[in-house]
Amino acid sequence: MPHVGISGHRGLPSQTQKLVDAALREALVPHAGSELVGVSCLAGGPDQLFARAVLDFGGVLEVVVPAERYRDGLEPEEQDGYDELIATARRIERLPFVESTPEAHLAAGQTIVDRCDLLFAVWDGQPSRGLGGTADTVAYARDRGVPVTVVWPPGATRE
């Protein structure tokens, strides 16, 4: 059963989110079906787009919650999606952090990599803007020999 993880930039412009959604769905096609397991923190943006696509393709979700107060750090509109998606999760792993810090996010990214056979990275190829960013997760995956599929469609931009 393929476990596919996600890491990606938050706060992407709406047009980029549309492009990313289509690109993620296209990348998931070869993995579609009841055997697909999507591994995500359910952050806003790519994480939630990925989770919805996994469910639409007949897969299941496994969620890594970086910290006890992780949900509180999400934007209000992201919290609704988080609540909806985590309620569908087959498995939830809560990391031992209270605050949603960069260290918690780094640990969560590493945990996702450790749980997956393939990582999708919605990544512009630039260094992380802070500890625990997408570039850090990609580097960890590559160090561990986990294949990485970079999803950054033509026309995508980052604020």
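In case you missed it, the structure is sitting above this.
Computed from a predicted model, the values in this text were never measured in an experiment.

Cut-off values and rules
Residues numbered from 1 in each chain as written. Predicted model: local features only at pLDDT ≥ 70, side-chain atom pairs only at ≥ 80, totals over all residues. Heavy atoms only, no water. Helix = DSSP H or I, 4+ residues; strand = E, 2+ residues; numbered from the N terminus. Buried < 20%, exposed > 50% of the residue type's maximum accessible area, 1.4 Å probe, protein only. Contact = heavy atoms within 4.5 Å. Pairing = 2+ DSSP bridges. Right-handed = clockwise from strand over helix to strand, strands pointing away.

**Concerning the environment of A43**
Line of reasoning, step 1. Among the secondary structure elements, A43 is positioned in the loop between β2 (37-40) and α2 (46-56).
Line of reasoning, step 2. Judged by its relative accessible area of 8%, A43 falls in the buried class.
Line of reasoning, step 3. In this structure the C-alpha to C-alpha distance between A43 and Y70, which are 27 residues apart in sequence, comes to 9.0 Å.
Line of reasoning, step 4. If we skip the residues at most four places from it in the chain, A43 touches R10, Q48, Y70 and L74.

**So, the pairing of β2**
Line of reasoning, step 1. Burial along β2 is two-sided: V37 and V39 facing one way and G38 and S40 facing the other are all buried.
Line of reasoning, step 2. Two strands pair when backbone bridges link them, and strand β1 (residues 3-8) and β2 are joined in this way by three bridges, in the parallel orientation. Looking across to β2, one finds that V4 is bridged to G38.
Line of reasoning, step 3. Between the parallel elements β1 and β2, the chain passes through helix α1 (residues 14-28) in a crossover that is right-handed.
Line of reasoning, step 4. Here β2 pairs with strand β3 (residues 60-65) via four bridges, running parallel. Looking across to β3, one finds that V39 is bridged to E62.
Line of reasoning, step 5. The handedness of the β2 to β3 crossover, carried by α2, is right-handed.

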